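# Fold and geometry: a report
Each chain, letter by letter, is given below.
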Amino acid sequence: MSRRALVIGTRGSRLALRQTEIVLAALRSAHPGAAFEVRTLHTEGDRSAASLSEIGGRGVFVVELERALLAGEIDIAVHSLKDLPSEETDGLAIAATLPREDVRDVLITRDGSPLSGLPAGAAVGTGSPRRACQVLALRPDLRIRDIRGNVDTRIRKVQEGGYDAVVLAAAGLARLGWLDRASQVFTLAEMLPAAGQGALAVQVRSDDERALPAVKTLDHADTHIAVTAERAFERRLGGGCHAAIAALGLPSPPPAAGDPSPAARARGEEAATLRLLGLVGAPDGRLLRAEIEGAAEEAESLGSRLAERLLAEGAAALLASAPSGEAAS
């Protein structure tokens, strides 16, 4: 690789910078002779105090980075994959998804009580229709209130008494070393994650002859397979950023042959099959769930087929009941 530094663009939040450190360390390990530079950009989502519903949904966290990529101001962008819309931007490509962190959601309360211990009418903060509907499915007596800010800001709002609890992604807390602050880690049966949750996406220009091959070396096969199915599921449902949609792909190793140990899996042995869980919800807590299993190489098709199954069971009506201004995550 040339010595000209490849410029990595990132948001300026504590979590975004930590995620960029993870990607930068992986790039330096894979390409010890290459030079990299980190450039911090501030997105509309970071600048505005308005709710996501007012400023355009989760895409506001990525458009500035994508604009900088397309303009050649940066060569690589680091995103939380769940923030990226399921339709890829023309001229750009997700060149790698890194090994996934914990995919689950967690609850943080002031006194450490779980969801079952909150009093009736307690205020739970989330800007995500997906999280909101699943909380209400578990506790219809609670109040869902919109909340904005970075992870540390949301936790502080609970500690200061503005909310009784907040729902956050375990992955973000784990990367910050704060997972011990969780009062409850939801099971997958209690709360299914967003498509791509826990995964880092590294985006480049699709015709970039330097950045594209450099970043591709970081791609983690099992994570790539799982999120491909999840994003296909979300894309086929067409709910965009306003709907309560959840999906999780669970890759399975091939039949034991040679070395079936966890260490062998860690070396990159690709999954043979994929189990995909999907959910569509309504603002009042009504949910539809389904799952499908098939060959991992058919991940995109599995996502579309699972979406079709839920649509046949009435998912369109649930999607139509979502307020037009809410934003998912």
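Residues numbered from 1 in each chain as written. Predicted model: local features only at pLDDT ≥ 70, side-chain atom pairs only at ≥ 80, totals over all residues. Heavy atoms only, no water.

## Structural notes on the side chain of Gln 134
Inspection of the secondary structure assignment puts Gln 134 in helix α5 (residues 129-138). Gln 134 sits in the buried class, given a relative accessible area of 1%. The residues contacting Gln 134, other than those within four sequence positions of it, are Glu 190, Met 191, Leu 192, Ala 246, Leu 279, Leu 287 and Arg 289. (Helix = DSSP H or I, 4+ residues; strand = E, 2+ residues; numbered from the N terminus. Buried < 20%, exposed > 50% of the residue type's maximum accessible area, 1.4 Å probe, protein only. Contact = heavy atoms within 4.5 Å.)

## What to know about the nonpolar core
Formed by 24 residues in total, the largest nonpolar core has its most connected members in Phe 233, Leu 237, Leu 274, Val 280 and Leu 310. Mapped onto this core, the elements with two or more residues apiece are α9 (221-237), β11 (244-252), β12 (273-281), β13 (287-295), α11 (299-312) and α12 (315-320). The dominant element in this core, judged by the number of residues it contributes, is α11, at 5 residues. Residues Leu 24, Leu 27, Ala 214 and Leu 218 belong to the second largest nonpolar core, which totals 20 residues. (Core = buried A, V, L, I, M, F, W, Y, C linked by side-chain atoms within 4.5 Å.)

## Quick look at the sheet that holds strand β7 (residues 143-145)
Pairing within the open sheet is mixed, and its 5 strands lie in the order β7-β6-β8-β5-β9. The open sheet terminates on both sides in strands that have one partner only, identified here as β7 and β9 (184-185). With 2 bridges joining them, strand β5 (residues 105-109) and β9 adopt antiparallel strand pairing. Note on β9: the bridge partner recorded for Leu 107 is Gln 184. The sheet strands contacting α5 are β5, β7 and β8 (165-169), and the helix crosses β8 at an angle near 125°. Strands in contact with helix α6 (residues 151-159) are β5 and β8; relative to β8, the strand with the most contacts, it is inclined by about 160°. (Pairing = 2+ DSSP bridges. Axes fitted to C-alpha atoms, helices over the stretch in contact; angles between N-to-C directions.)

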